[in-house]
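These are the residues of each chain, in order.
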Amino acid sequence: MKFELTVNGVRQSSEAPADISLLHFLRDNLRMTGTKEGCNVGECGACSVLLDGKLVNSCLVLAAQANGREVITIEGIHAPDGGPNDLQQAFIEYGAVQCGYCTPGMVLAGEALLNSNPKPTRLEIREAIAGNLCRCTGYQQIVDAIEAAAIHRQEAGHD
Amino acid sequence: MTEKQFIGKPTNRVDALEKVMGTARFSCDYYLPDMLVARCYRSPLPHARIKLIDSSEALKIPGVKAIITSEDFENHGRFGFPIVDMYMLAYARVRFAGDPIVAVAAEDEDSLQAALKALVVELEPLPGVFDPRNALDSDAPLIGENPRDAEGHPRGNLLIDYIVRQADPDTVLAKCDVVVDDEYTTMHQEHAYIETEGAVAVPWSGNSGVTVYAGCQSPFNARDNLVRTLGLAEEDVRVIQPYVGGAFGGKDDTMYQTIAQVAKLALVAGRPVKMVLSREESLIASYKRDAMVMKYKVGASKDGILKACKFHGIVDSGGYSAITPFTAWRSTIHAMGPYRYEACHVDTDVVYTNNGYAGAFRGFGNTEVCYAIEMAVDDIASQLHLDPMDFRLKNCLRPGDTTSHGQKLGEDVALVDCLEQVRRISDWDNRRKLYDREHQAPTSQGEFRQGIGVAALFHGMSLGAEGKDFAVGTLRINDDNTLTLTSGLTDYGNGSRTVFTLIVAETLGIHPDRIKMLRPDTNTAMNSGPTVASRATVLGGNATRVTAMRMDTLLLTAAADLLGCPIVNIHRNGEMYIGPDEEPVTYEQVVEHAREMGLVLSTIGRWNAPENHWSFESGSGKPYFAYHYGAQVAEVQVDTGTGKVEVTNIWAVHNTGTVIFPQGILGQVYGGITQGLGYALMERVDYDQGYIQTTNFDEYLIPTALDVPDITAEFVEKPFADGPFGAKNIAEPGMVPAAPAIVNAIFHATGRRIKNLPANLERVLIGKDLRKEGSNKACKLGLHQE
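Owing to the predicted nature of the structure, the values given are computational and were not obtained by experimental measurement.

Our focus in this paragraph is the pattern of salt bridges. All names here are of chain B. What the rule picks out here adds up to 52 salt bridges over all chains. Notably, a salt bridge pairs R165 with D347, separated by 2.9 Å at the nearest N-O pair. Residue R165 is located in strand 9 (residues 158-166), and its partner D347 is located in strand 18 (residues 343-352); the two are separated by 182 residues in the primary sequence. Relative accessible area serves as the criterion here: at 30%, R165 is assigned to the partly exposed category. Close ionic contact of D387 with R423 constitutes a salt bridge, the shortest N to O distance being 3.8 Å. Of the two residues, D387 sits in the loop between helix 9 (366-383) and helix 10 (388-395) while R423 sits in helix 11 (residues 415-425), which places them 36 residues apart along the sequence.

All right, on to unusual backbone geometry then. Residues and elements named next belong to chain B. In this structure, P82 follows F81 across a cis peptide bond, with omega equal to 5°. Examined against the element boundaries, P82 turns out to sit in the loop between strand 4 (78-79) and strand 5 (86-87). Residue P758 is bonded to the preceding L757 through a cis peptide linkage, with omega at -5°. With respect to the secondary-structure elements, P758 resides in the loop between helix 17 (738-750) and helix 18 (761-765). Positive phi outside glycine occurs at F364, with the angle close to 55°. Mapped onto the secondary structure, F364 falls in the loop between strand 19 (358-359) and helix 9.

Attention now moves to the environment of D698 of chain B. Residue and element names in this part refer to chain B. Position of D698 among the secondary structure elements: in the loop between strand 33 (691-692) and strand 34 (711-715). Note on D698: relative accessible area 42%, which makes it partly exposed. Taking the C-alpha atoms as reference, D698 lies 22 Å from P709; in sequence the two are 11 residues apart.

Below, the discussion takes up the interface of chain B and chain A. At the interface, 51 residues of chain B touch 48 residues of chain A. The largest per-residue losses of area from chain B upon contact with chain A belong to V20, Y31 and I194 of chain B, which jointly make up 18% of the total buried on that side. Summed over the shared surface of chain B and chain A, the number is five salt bridges. Between R126 of chain A and D710 of chain B there is a salt bridge, and its shortest N-O distance comes to 2.7 Å. Element by element, the count of residues in the side of chain B that touches chain A is highest for helix 16 (residues 662-681) of chain B, at eight residues.

In this section: the domain arrangement of chain A. Many analyses report the size of an interface as the accessible area lost when the parts associate. Residue and element names in this part refer to chain A. The domains assigned to chain A are domain 1 (2-76) and domain 2 (86-155). Look at where the C-alpha atoms of domain 1 and domain 2 centre, and you get two points 21 Å apart. The interface is formed by 14 residues belonging to domain 1 together with 11 residues belonging to domain 2. Summing the contributions of domain 1 and of domain 2, the shared interface buries around 1100 Å²; its carbon and sulfur component is 65%. Linking domain 1 with domain 2 are zero salt bridges. Here the element with the most residues in the side of domain 1 that touches domain 2 is strand 3 (residues 48-51); it accounts for three residues. When grouped by side-chain class, the residues that make up the side of domain 1 that touches domain 2 number seven nonpolar, four polar and three charged.

All names here are of chain B. Helix length check: helix 13 (residues 496-508), at 13 residues, gives a terminal C-alpha distance of 18 Å against a target of 18 Å (1.5 Å per residue), a fit within 8%. With respect to burial, helix 13 is a largely interior element, 13 of its 13 residues being buried. Positioned one or two residues after helix 13, G509 has a phi angle of 65°, which is positive.

All names here are of chain A. Judged by pairing direction, the sheet is mixed, and its five strands sit side by side in the order 2-1-5-3-4 without closing on themselves. Edge strands, defined here as strands with exactly one partner in the open sheet, are strand 2 (10-15) and strand 4 (54-57). Strand after strand, the sheet turns through a mean of 40° between neighbouring axes, direction not considered. In this sheet, strand 5 (residues 70-72) lies alongside strand 3 in antiparallel orientation, the contact comprising two bridges. Opposite L51, over in strand 5, you have V71 as the bridge partner. Running at roughly 85° to strand 1 (residues 2-7), helix 1 (residues 22-29) makes contact with strand 1, strand 2, strand 3 and strand 5 of the sheet.

Next up on the list: the nonpolar core. One finds F91 of chain A together with Y296 and I742 of chain B to be the most contacted residues of the largest nonpolar core, which totals 163 residues. At nine residues, the largest contribution of residues to this core is made by helix 9 of chain B. Residues within four places of I742 of chain B in sequence aside, it is in contact with A634, V636, V647, I650, L677, A680 and L681 of chain B. Of all hydrophobic cores here, the second largest spans 51 residues; its members include A471, A536, L563 and V591 of chain B.

Calculation notes
- Residues numbered from 1 in each chain as written.
- Chains lettered and ligands numbered in written order.
- Predicted model: local features only at pLDDT ≥ 70, side-chain atom pairs only at ≥ 80, totals over all residues.
- Heavy atoms only, no water.
- Salt bridge = Lys/Arg side-chain N within 4 Å of Asp/Glu carboxyl O.
- Helix = DSSP H or I, 4+ residues; strand = E, 2+ residues; numbered from the N terminus.
- Buried < 20%, exposed > 50% of the residue type's maximum accessible area, 1.4 Å probe, protein only.
- Contact = heavy atoms within 4.5 Å.
- Buried area = accessible area lost by both parts, 1.4 Å probe.
- Domains from an automatic or database assignment.
- Nonpolar A, V, L, I, M, F, W, Y, C, P; charged D, E, K, R; others polar.
- Expected span 1.5 Å × (residues − 1).
- Pairing = 2+ DSSP bridges.
- Axes fitted to C-alpha atoms, helices over the stretch in contact; angles between N-to-C directions.
- Core = buried A, V, L, I, M, F, W, Y, C linked by side-chain atoms within 4.5 Å.

In structure tokens, the structure reads:
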């Protein structure tokens with residue numbers, strides 16, 4: 001089957017089996033390996049991407065369901081100069097990264113939250129990333145980083 | 001002490017940028033031209049004789065390029081450390097449900113699946129052992145390889161046993177005013193690294209050698225196993241560590257099997273081969289934290305002095321030994337907890353069963369016994385109506401004390417400092433009193449009850465008296481004046497690359513940005529033993545420090561020559577070298593001058609840990625050269641209607657010595673505590689007649705961001721004489737006391753001692769497990785389906 005979807009603003013078309021998941025389509029066909037597989041049953045969130053702006057587990061979405069729609073992966077998250085954006089920079093500065101395997105999904109969960117709730121409380125941040133498992137960090141520095149990025153965006157918005 | 005430039009200052013992890021951008025490559029991210037995919041056929045039975053393997057039909061399937069069994073390896077692919085009892089693919093027998101028997105490489109997933117279905121594997125079921133308590137029965141089926149009466153193995157499935165002997169506890173216990181006599185159990189725990197096991201092998205031209213990309217605890221162990229089991233020379237095998245998505249002790253033996261399987265498949269097929277385990281396969285195939293049965297008798301006098309401890313433990317090693325003998329030895333050494341006794345006996349039996357297999361996992365034997373002894377000690381305090389914090393302070397190890405092993409401790413012992421500090425920051429006395437008052441009112445069903453509990457910890461540093469303990473680092477200055485640093489120790493997220501970079505920067509007075517720390521590669525780094533037992537900071541850190549000091553000597557020699565003065569007259573300001581006439585020269589000038597002098601700007605440093613000694617016969621000695629100390633306090637809220645426990649606060653104080661990488665050490669403590677919280681409340685790998693019951697994260701629950709409170713962590717930075725810049729270790733100790741602090745808080749809230757982990761709803765609510773109906777056998781092993 002031929003798939004046509006927009007990934008990080010670029011139109012992508014590729015032949016793949018009709019039952020391929022969005023996760024495997026991104027990784028195996030488009031070789032965009034920033035999106036990780038952790039469980040393939042929608043429990044760990046390592047494969048999180050934004051589908052039309054909404055956070056989804058790409059292992060649970062068929063590539064066919066994403067056909068003609070807009071997908072944002074970790075490769076599409078960066079500052080205009082290609083470096084880290086403010087949320088990614090906060091992850092670096094607040095120690096939100098250890099092994100790094102869950103990190104792309106965590107960054108996307110953080111982006112999804114900040115898009116819908118620019119002033120989250122720490123509890124709201126914890127709720128927003130509760131679908132993303134991290135075995136290294138104990139989450140605290142991830143919460144710190146998202147909180148810092150939220151404040152940064154609020155301040156930038158007021159300028 | 002002089003002010004430090006980089007150590008202990010806010011620093012970012014050296015590899016954080018690649019990780020947040022999604023460009024860090026893990027094993028699974030390698031897509032090479034002509035690469036085959038591979039998978040294992042795994043045993044559907046927990047114990048069976050392999051009668052026949054016929055792969056002729058499977059080999060005829062288009063796209064199938066290689067099929068291997070134990071016959072394709074030297075000596076059937078036998079390996080293992082410290083006890084050699086495993087195979088790269090099962091030979092003659094399978095000993096757990098999930099044991100790999102055949103490995104297949106094919107062009108694509110469809111032909112791979114077809115081949116796995118077409119394989120003919122005939123197994124003759126054998127009776128198994130599933131309860132470690134029965135493993136040593138005279139009629140128990142033999143799981144290990146030695147006959148029942150073998151020399152040194154007089155009790156069939158006994159793998160090994162260890163003792164500690166100090167005086168005679170029975171005599172002392174008879175005179176104690178309070179004796180706790182109880183049995184505690186812990187269950188298997190899954191590492192649950194979010195990246196499953198994976199490896200990619202690339203054959204060299206003419207199949208003369210092989211390069212493997214794989215995340216594991218030690219690429220050198222992986223290489224040595226390949227040399228032995230593939231019959232290749234050391235120079236024909238290269239193992240490169242890509243980024244590793246978490247390990248926690250879990251990427252040892254299972255990974256060495258995976259690595260050998262892909263390497264052999266690649267050599268047979270003459271093409272690159274990749275194998276990545278699905279989460280289900282990972283849970284079925286990988287080793288776990290061992291389950292333990294622990295019997296304690298601990299006695300004290302009525303004035304609150306601990307007198308004696310008697311311990312008997314059974315460690316379930318499962319079908320293979322893996323590293324469980326070391327785990328069990330650490331359990332043995334730590335079973336009595338960080339306390340003084342008049343008498344102490346410890347006996348630990350390690351047994352084979354057919355419940356998966358056990359190996360290394362953070363805390364490594366201490367996590368298990370710390371849970372039990374900290375509950376026993378808490379129980380004594382409560383029976384004596386003493387505050388548990390006071391009771392621990394009264395009995396804990398102090399500088400100059402002699403342990404139950406006969407080891408005289410040094411001045412670095414800081415447990416009192418940790419307990420007092422955690423008491424202060426948790427507002428222990430006020431909270432304890434407040435909840436005690438609340439508990440005087442009768443509980444009505446559904447009411448919330450709060451409680452607060454403490455646990456103390458000592459944790460032997462590095463490997464201990466189990467073997468030679470050393471690490472090696474290398475450093476060179478490149479043509480562009482950047483520095484390249486290597487260590488044989490791995491960074492799988494623990495932050496050691498950053499720690500080692502900071503140690504070089506501080507030693508040389510060079511900005512960390514100039515230093516590039518390579519990931520381990522058997523061709524560029526030097527063997528330093530495995531990255532286990534929280535040994536990176538002290539062992540690897542010291543080796544790095546020695547390496548950097550040698551480089552410093554070279555640069556100072558050049559600077560002295562350039563400035564025309566003795567080395568002692570040079571002082572440093574940032575990257576400047578300043579001589580007696582105050583004229584500074586730059587790092588670049590010094591390096592250039594060193595080259596002109598013909599100095600080779602490349603150094604190697606090795607650090608040997610101080611001597612340990614242990615007598616396995618007398619059960620005494622100096623098991624570790626030093627210990628880490630710590631104390632944690634947990635506060636819980638228990639729903640008395642459902643048994644649900646919410647951990648509302650955790651305070652941790654650890655005697656880490658000098659903090660090198662602040663962001664990293666906090667991450668280690670937060671992450672460790674979170675794994676301990678999972679261990680306490682929810683994590684449980686159940687084996688039912690040898691069949692694992694939890695095969696993905698929908699059934700094996702680990703803590704989410706909503707299960708963990710904000711944690712407060714502080715450090716007692718009393719410098720440690722044998723550590724780099726005074727640092728001690730942290731990775732394991734952060735986890736170990738969390739579970740006992742939580743169950744002690746549950747006792748404070750409910751009056752119920754949770755003697756079997758995890759403290760799930762029914763155990764907290766009714767004090768026992770609900771009975772399960774029906775058979776759990778076959779349902780979980782969806783091994784060979786798509």
